[in-house]
Amino acid sequence: MALFAVFQTTFLLALLPLRTYESEVLSEPLPLTPESLKVSVNSTRQCLHLQWTVHSLAYHQELKMVFQIQISRFKTSNVIWVENYRTTVKRNRVLHWSWESKLPLECAAHFIRMRSMVDDARIPKPGFWSNWSSWEEADAQNSLGRDPLFVFPKDKLVEEGSNVTICYVSRIHQDNISCYLEGVQIYGEQLDRSVSAFELKNVSFIRKKGTNVFCKVDQGGALGGIVLFVSKVLEEPKDFSCETQDLKTLTCTWDPGSDTGLSKQPSQSYTLFESFSGKKTLCKHRNWCNWQVAQDSQETYNFTLVAENYLRKRSVSILFNLTQRVHPMTPYKLFPKNVGATNATMTWKVHSIGNNSTLLCQLELLAEGKVIQQHNVSIKVNGEYLLSELEPDTEYVARVRCAYTNHFWKWSELISQKFNTAEAAPSEAPDVWRNMKMVSGHPTPLSKVHANGKILFYNVIVENLDKPSRLEVLSIPAPARSTELTLSQCSYQIHVTAHNNVGPSPASVIVISGGPGNEEVESGRVNGTEDGFSVSWKPQSGDATGYVVEWCDGPQDLPCVLQWKNLGPNTTSTVISSGAFRPGVRYNFRIYEISAKRMAHLLETKAGYLEELAPSDNPQVVMSNLTSHSFTLSWKDYSTESQPGFIQGYHVYLKTKAGEHCPPAFEKTVLPEDSVCCRHTIDNPEQKTFVVENLQPESIYEFFVTPYTSVGEGPLDAFTKITTPDEYSHILIRIILPMIFCVLIVMIICYLKRQWLKEKCYPDIPDPYKSSVLSLIKSKENPHLTIMNVNDCVPDAIEVINKPEGSKIQFLGTRKSLTETEFTKPAYIYLLPTEKNYSGPGPCICFENFTYNQAASDFASCGHFPVTPQAPPHQLGPLTSPENLLKALEQNYMNSLGEIPAGEANLNYVSQLASPTSGDKDSLPTNPPEPALCSEYKMQMAIPLGLASAPPSENSSLSSTTLLGQGEHYC
Amino acid sequence: MRAQRMRRTPLSVILGLLFLSMAATSKCLGKYHELLLQLRRQADHMQDTSTLLDPYIRIQGLDTPGLKERCRECPRAFPSEDALRGLSRQGFLRTLNATLGLVLHRLTALYQDLPEAQQLVGLNIRGFRSNIHCMSLLLRSSSEAETPEPTQPGPGPTPPPTPPSDAFQHKLKSCRFLRGYHCFMHSVGQVLREWGESRSRSRSRRHSPRRAPGDTAPSGPCRGGARRMWPFRRDRRLMPRGHLPR
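Anyway, here's the lowdown on the structure attached to this text. (Residues numbered from 1 in each chain as written. Chains lettered and ligands numbered in written order. Predicted model: local features only at pLDDT ≥ 70, side-chain atom pairs only at ≥ 80, totals over all residues. Heavy atoms only, no water.)

Some points on the overall build of chain B
Per the secondary structure count, chain B includes seven helices and zero strands. Going from N to C terminus, chain B has its helices and strands arranged as α-α-α-α-α-α-α. For chain B, buried positions account for 50% of its 246 residues. Nonlocal contacts in chain B, meaning residues at least 24 apart in sequence, comprise 87% of its contacts between residues at least 6 apart. A total accessible area of about 12,400 Å² is found for chain B, and carbon and sulfur atoms account for 54% of it. (Helix = DSSP H or I, 4+ residues; strand = E, 2+ residues; numbered from the N terminus. Buried < 20%, exposed > 50% of the residue type's maximum accessible area, 1.4 Å probe, protein only. Contact = heavy atoms within 4.5 Å. Areas by Shrake-Rupley, 256 points an atom, 1.4 Å probe, with all protein chains shown as cover.)

Here is the structure:
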């Protein structure tokens, strides 16, 4: 057997060159099968690595071949990848090929095989594939431990935005396995009985410690997980530049962008590579790096900055000349020297650059933050410059920066230094003005330009021009701005000088006239603009040496802060501006002309608003003269001067109840709240009264008055309501009042003449006994004729009919016929004549000055009197006599008059019949009076109805009972 | 949470620096009770999970359902409270010192994960070990004749961990380790508190053990576990003469 093998090998070795020779000669392709195929797994990179050889090549022979590689997953029939790999093959040369798997290799077994074909141009005929190699299995699961659940890939590093496939391998074959990405469940695809895969798309960076992905068996079972390290994408360095400060060291800077460092991956590194010298350096910092300039005077540099991490590499390059990238260091030791009132010398130093290099330095002088001077100075090491035209006692800032003279690249950083110039005497007289009311002088502080130092005090010299006398000198310490001088009615000249440490200023002179100064001048208006008030005037005399415009800065209701402005003699207008001016405030400007004698004469006054506003309040309106057709409104207390704008007039609003028709001179308008009313416009601001006419009587009106300016009218306040009176009421008042007066007069007169009236209108009833007529009759006609006496009347008979049997009233009196009588109905008492032979037409009851009930008389002619059964006997008893009856009547009559109101009393007239034959009781039956005689009334008395017909009740009044009781009597 | 940590940080730094300075100057408090009180307070502070475990969980992204529970398991890598009670005082201190030495070593490995917290906790542990050293000296001076007792033979702290197989396992293991550290310090605090109770008991045996006001043990990071009422076998014998309660 061994012999056979040796023989076979020898035969093949002999045959191979022969075959090779034949192939070269015959140009026939040979099936060169890949051999020694080995497959390995790189879990870190998730790669399958293949290596193989082709032994069937001749010695030193090189052929271009193509290898077709098949990869299957889980089983050989499940081919997932086919690729043709072209390469040049040499005898015994090991070939390599890698394939990166998207699915973690630990989750599935992979099978690989390949075949080859000659793909060389030297072999014209089309080749054919060799036989497939045998399947090689790559199974990373064999290396797993005994854990029940695995998740892959472990610790994978990817860039943000990548797609990642993860998988788990379960050895417990349970279905209740859930997977989570940062606590959020994810869903995938089951590849095998125990393998599931999840594709994470566009993964994002969460934290440097990695993104946690884990799977677990539900209800606290096994847990497996991975950390997915998601790196931010490495950015290309931005703003890469290099410069030198001393031509010895280059400093390159850049913007690194995001840090891509993770637990799995350090932050990106930066490497600086110079192509001309071939040198490179690893930078220690993220955003800058130093490079030592070569001593061989290399001028041109080509730098490449490479940023790199595990996943990516980025680079950026620049090419420059060294001398064109010089950025000098900051100058130092900048100091002022020999500082005077108007000049100073600045000195400074710079760091030298190379040998005999010149720097261009820029010296700037700043005052109050603004550059006022700028000078360029070329220096090598020491710089010096004389600054002139400075202001005394002023703070300045000097600053210096330098640049490389040969080629300007950048200014160095600035170095600054403050200094103050020395003081000088004030260069200008103080601006002085006076307030005549206050009799005070107001020197304004000198501007810093003219003060030339700190003003310590002001000297005020007062000279009386009318009475030459000694000068009065006042020293006012600064910072006082005014002083008060008490002057007499003389003319004065006042000199004011300002003093600082160095000396006095020129004097400012004003002259104050001794006159009253209350001259009437022209007044006008001035318009305000954003720049201020543009004031103009007309010069009066030709010898004016200047003009002064004065005003108060604040509102009129505040104390005046006097301001003024001096103007030249040829000026007739100026713009007054002040930061204190406010919209809606009235400012009054007074323009003075300064004469050659330095005396001020008021030329004009002007008033204006910086910006007019609508009135802020409305006038207090008083209504008067209200008639049925008109009323008057007045608001005379309203001040137009203190309003936030020039009052142009007033609007009078009138609301009528109907709201339909407006009185004449009114027009309809719509208020802001959409209500319709009438409006009348008064365009004269001085007219502060208005008569609203043509109104309807007995109507309700509402009025409201508001001023208006050019901007608008005042606020809409509440309307005042009035009601016009009746049209005739005034007439009635004119009539009724005099009538009442007249009645009063009449009443007074009647009261005073009541005795006379009584005698005239209702004289006392004459006493028949005292009548003269009686004596006359007695003496001439009938000596027996006399006056009938009531006491002589005796009742003839009483007949009671219709006796009721209801209630019983116990009479306590002595009259037996009545004490036991019971009444349920009114009883009628008939007065019958006692004489049996009386056959007259009927009894006629005659009373002398007596009263009877009219109602009773209605029942029967002088015959029937209703009697109420309630009449108590004790009252009835005494009345049986005529005297008692008369007394009771009189008493009850008077009582009734006093107790019953007049309005409730129904008056019944009681007739009185005078008996022509009364007075003789014997003659009465025999000479019954004729009915005609009964028509004579001697007297009528008014008796209330209640007295006459009292209701049949137990509470009947005494008067009614008494009256009814009289019905029992007749005479 | 952040504000709470900021409030605790200066306290931790002060305590750490204080204990470090004590260790550096090798000056020990000569009074047993003061030293015991310090140890107790340090143990209470070190069992607080907000100093180490909570920030670790937050930084590593383990504060999600499903993972947080895995950090609550107290590993057996540390001696249990019962095991600590079973030790003599010297043995307890030796075990405590050794365990904290290993914790310190492990924390060094966690420096990349918790740079700030690790530094503070490291200072605390060093200060605590310094006080352990002083307590050991104090006990030794009072019982020179005592036979040295070996370190607790139980499970004890594990040797330095092998490099984790992957980052996920490393996170979980470190998390459990920190949980175990806090549990262990809770147990240490309980045992030290019973040292104080032994003082009361020795003063008045009629009284049951009782904590002093203000000496309330904080709720620890581990649950369960019965406490022994009288833990030490040679308690009285270990009292330093002139310093320990009689």
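Back to the text.
A closer look at the environment of Thr44(A)
Residue and element names in this part refer to chain A. In this fold, Thr-44 is placed in the loop between β1 (35-42) and β2 (47-53). By relative accessible area, Thr-44 is classed as exposed at 67%. Placed 111 residues apart in sequence, Thr-44 and Asp-155 show a C-alpha to C-alpha distance of 8.2 Å.

Focus on the pairing of strand β19 (residues 269-274) of chain A
Residue and element names in this part refer to chain A. Sheet topology note: the β19/strand β22 (residues 300-308) ladder contains six bridges and is antiparallel. Bridging across to β22, Ser-269 finds its partner in Glu-308. Relative to strand β20 (residues 279-282), β19 is paired through four bridges, and the arrangement is antiparallel. The residue of β20 that forms the bridge with Phe-273 is Lys-280. The antiparallel pairing of β19 with β20 creates a hairpin that spans four residues between the two strands, and Gly-278 there sits at a positive phi of about 75 degrees. (Pairing = 2+ DSSP bridges.)

Focus on the interface of chain A and chain B
Listed as interface residues are 20 residues of chain A and, on the opposing side, 16 residues of chain B. When residues of chain A are sorted by the area they lose upon contact with chain B, Lys209(A), Asn212(A) and Leu223(A) head the list and together hold 42% of the total. Taken together, the connections running from chain A to chain B amount to one salt bridge. Lys154(A) is paired through a salt bridge with Asp166(B); the nearest N and O atoms lie 3.5 Å apart. Our enumeration of links across chain A and chain B arrives at five residue pairs in polar contact (both at pLDDT 80 or more). Secondary-structure elements contributing two or more residues to the side of chain A that touches chain B are β15 (211-217) and β16 (223-231) of chain A. Per-element accounting of the side of chain A that touches chain B gives the leading share, six residues, to β16(A). (Buried area = accessible area lost by both parts, 1.4 Å probe. Salt bridge = Lys/Arg side-chain N within 4 Å of Asp/Glu carboxyl O. Polar contact = N/O pair within 3.5 Å; in protein donor to acceptor, adjacent residues only side chain to side chain.)

Considerations on the packing of helix α5 (residues 89-109) of chain B against helix α6 (residues 115-142) of chain B
Residue and element names in this part refer to chain B. It is at 10 Å that the axes of α5 and α6 come closest, and there the two elements cross at 160 degrees. What the angle tells us is that α5 and α6 run roughly antiparallel. The handedness of the crossing between α5 and α6 is left-handed. Contact with α5, carried on its side by Arg-89, Gln-90, Leu-93, Leu-96, Asn-97, Leu-100, Gly-101, Val-103, Leu-104, Leu-107 and Thr-108, involves Gln-118, Val-121, Gly-122, Ile-125, Arg-126, Phe-128, Arg-129, Ile-132, Met-135, Ser-136, Leu-139 and Arg-140 of α6 and no other residues of that element. Considered class by class, the residues forming the contact of α5 with α6 number twelve nonpolar, seven polar and four charged. (Axes fitted to C-alpha atoms, helices over the stretch in contact; angles between N-to-C directions. Parallel < 35°, antiparallel > 145°, perpendicular 65-115°, else oblique. Left-handed = near helix turned anticlockwise from the far one by under 90°. Nonpolar A, V, L, I, M, F, W, Y, C, P; charged D, E, K, R; others polar.)

As for the sheet that holds strand β21 (residues 288-292) of chain A
All names here are of chain A. Taken together, the three strands give an open sheet; going across it, the order is β17-β18-β21, and neighbouring strands pair in antiparallel fashion. Single-partner strands in this sheet number two, and they are β17 (238-244) and β21. Mean inter-strand twist for the sheet, computed between neighbouring axes without regard to direction, equals 20 degrees. Note that β17 and strand β18 (residues 249-255) share five bridges and pair antiparallel. In the strand pairing of β18, Glu-243 is matched with Thr-251.

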